[in-house]
Amino acid sequence: RTDRSGQSRADEANWEGLLQFLNYPMCYRCEAPQIPQTVARRRRSVMKAKVNKVRNGCRRFRAAVRNPRRMRRIQPDQRWAASRNRVGEIVLSPPVQAFVLVIISIDVLETTYQIVKINAIALQSDDEDFNLSLLILNWIVVGVLATEVLCRIYYLGSKFTHSLLNLLEFVLIPLCIVDL
């Protein structure tokens with residue numbers, strides 16, 4: 001008997017020990033082995049896999065920005081429908097939502113810094129200019145978030161109250177102002 005390469009099986013190494021039964025002809029029932037030929041593939045490096053994940057994430061983000069979701073337009077017979085539709089297009093656009101997300105991230109970083117500053121004695125400083133800049137940053141964050149929530153209230157009208165997350169944001173804005 002010969003295999004696909006033309007070599008006889010007798011030329012191959014004989015099995016020894018417990019696998020000695022594999023040397024007998026009854027173990028080779030078929031004439032040509034039906035083993036699928038696999039091509040040896042080089043494994044991707046971990047770095048290339050990470051780069052591909054980042055690249056695919058960027059592609060998805062660009063696709064989301066280019067094809068914004070369809071917004072529900074206000075019926076023309078309702079009050080101020082044209083301006084409400086325009087405000088809705090602006091507020092719900094991906095660039096504006098990305099900007100709001102960046103502002104929220106900055107606020108989280110600033111809050112984390114404040115917590116670390118309170119808990120670490122070595123980091124406590126009485127630098128009035130730095131504290132003033134943090135206060136201004138807080139007012140900017142609250143102003144941007146309040147503007148975004150008020151624009152969504154203007155666009156959605158009474159439908160704004162149908163979502164618990166909208167109500168949560170609406171309650172958080174006055175709390176943030178009181179906290180400043």
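Shown above is the structure to which this text applies.
Basis of the calculations
- Residues numbered from 1 in each chain as written.
- Predicted model: local features only at pLDDT ≥ 70, side-chain atom pairs only at ≥ 80, totals over all residues.
- Heavy atoms only, no water.
- Helix = DSSP H or I, 4+ residues; strand = E, 2+ residues; numbered from the N terminus.
- Buried < 20%, exposed > 50% of the residue type's maximum accessible area, 1.4 Å probe, protein only.
- Contact = heavy atoms within 4.5 Å.
- Areas by Shrake-Rupley, 256 points an atom, 1.4 Å probe, with all protein chains shown as cover.
- Polar contact = N/O pair within 3.5 Å; in protein donor to acceptor, adjacent residues only side chain to side chain.
- Salt bridge = Lys/Arg side-chain N within 4 Å of Asp/Glu carboxyl O.
- Core = buried A, V, L, I, M, F, W, Y, C linked by side-chain atoms within 4.5 Å.
- Phe/Tyr/Trp six-rings, centres within 6.5 Å; stacked < 30°, edge-to-face > 60°.

Trainee: What's the story with the overall build of the chain in this structure? I'm lost.
Mentor: Along the backbone of the chain there are 5 helices and 0 strands. Its helices and strands taken in sequence order, the chain reads α-α-α-α-α from the N to the C terminus. Taking all 180 residues of the chain together, the buried fraction comes to 17%. In the chain, the proportion of contacts linking residues at least 24 apart, taken out of those at least 6 apart, comes to 52%. As displayed, the chain offers around 15,100 Å² of accessible surface, 62% of which is attributable to carbon and sulfur atoms.

Trainee: Is there a simple way to explain the side chain of asparagine 166 in this structure?
Mentor: Here asparagine 166 shows up in helix α5 (residues 164-179). Among the polar contacts made by the side chain of asparagine 166, one reaches the side chain of arginine 152 at a distance of 2.5 Å. Those residues in contact with asparagine 166, other than ones at most four positions away along the chain, are Arg152, Leu156 and Phe160.

Trainee: What is the right way to read the pattern of salt bridges from this model?
Mentor: A pair can form between side chains of opposite charge whenever their charged atoms are brought close. For the structure shown, the criterion picks out 3 salt bridges. Among the salt bridges present, the one from glutamate 89 reaches arginine 86, with a minimum N-O distance of 2.9 Å. Placement of both glutamate 89 and arginine 86 in helix α2 (residues 81-91) is noted, with a separation of 3 residues, approximately one turn of the helix. A relative accessible area of 52% places arginine 86 in the exposed class. Within this structure, Glu148, Arg152 and Glu169 form a network of salt bridges that share partners.

Trainee: Looking at this structure, how should I read the nonpolar core?
Mentor: For soluble globular proteins, nonpolar side chains are generally found buried alongside one another. Judged by nonpolar contacts, Val100, Ile103, Val141, Val144, Leu145, Ala146, Val149, Phe160 and Ile173 together constitute the single largest core of 9 residues. Looking at which element gives the most residues to this core, the answer is helix α4 (residues 128-156), with 5 residues. Residues in contact with isoleucine 103, not counting those within four places in the same chain, are Val141 and Val144.

Trainee: In this structure, what is going on with the packing of aromatic side chains? I would like to understand it.
Mentor: To describe a pair of aromatic rings, you give the distance between the ring centres and the angle between the ring planes. Taken as a whole and judged by the stated rule, the model has 1 aromatic pair. Between phenylalanine 160 and phenylalanine 170, the ring centres sit 6.4 Å apart and the planes meet at 75°, which makes this aromatic pair edge-to-face. In this pair, phenylalanine 160 sits in the loop between α4 and α5 while phenylalanine 170 sits in helix α5, placing the two residues 10 residues apart along the sequence. Residue phenylalanine 160 is classed as buried on the basis of its relative accessible area of 3%.

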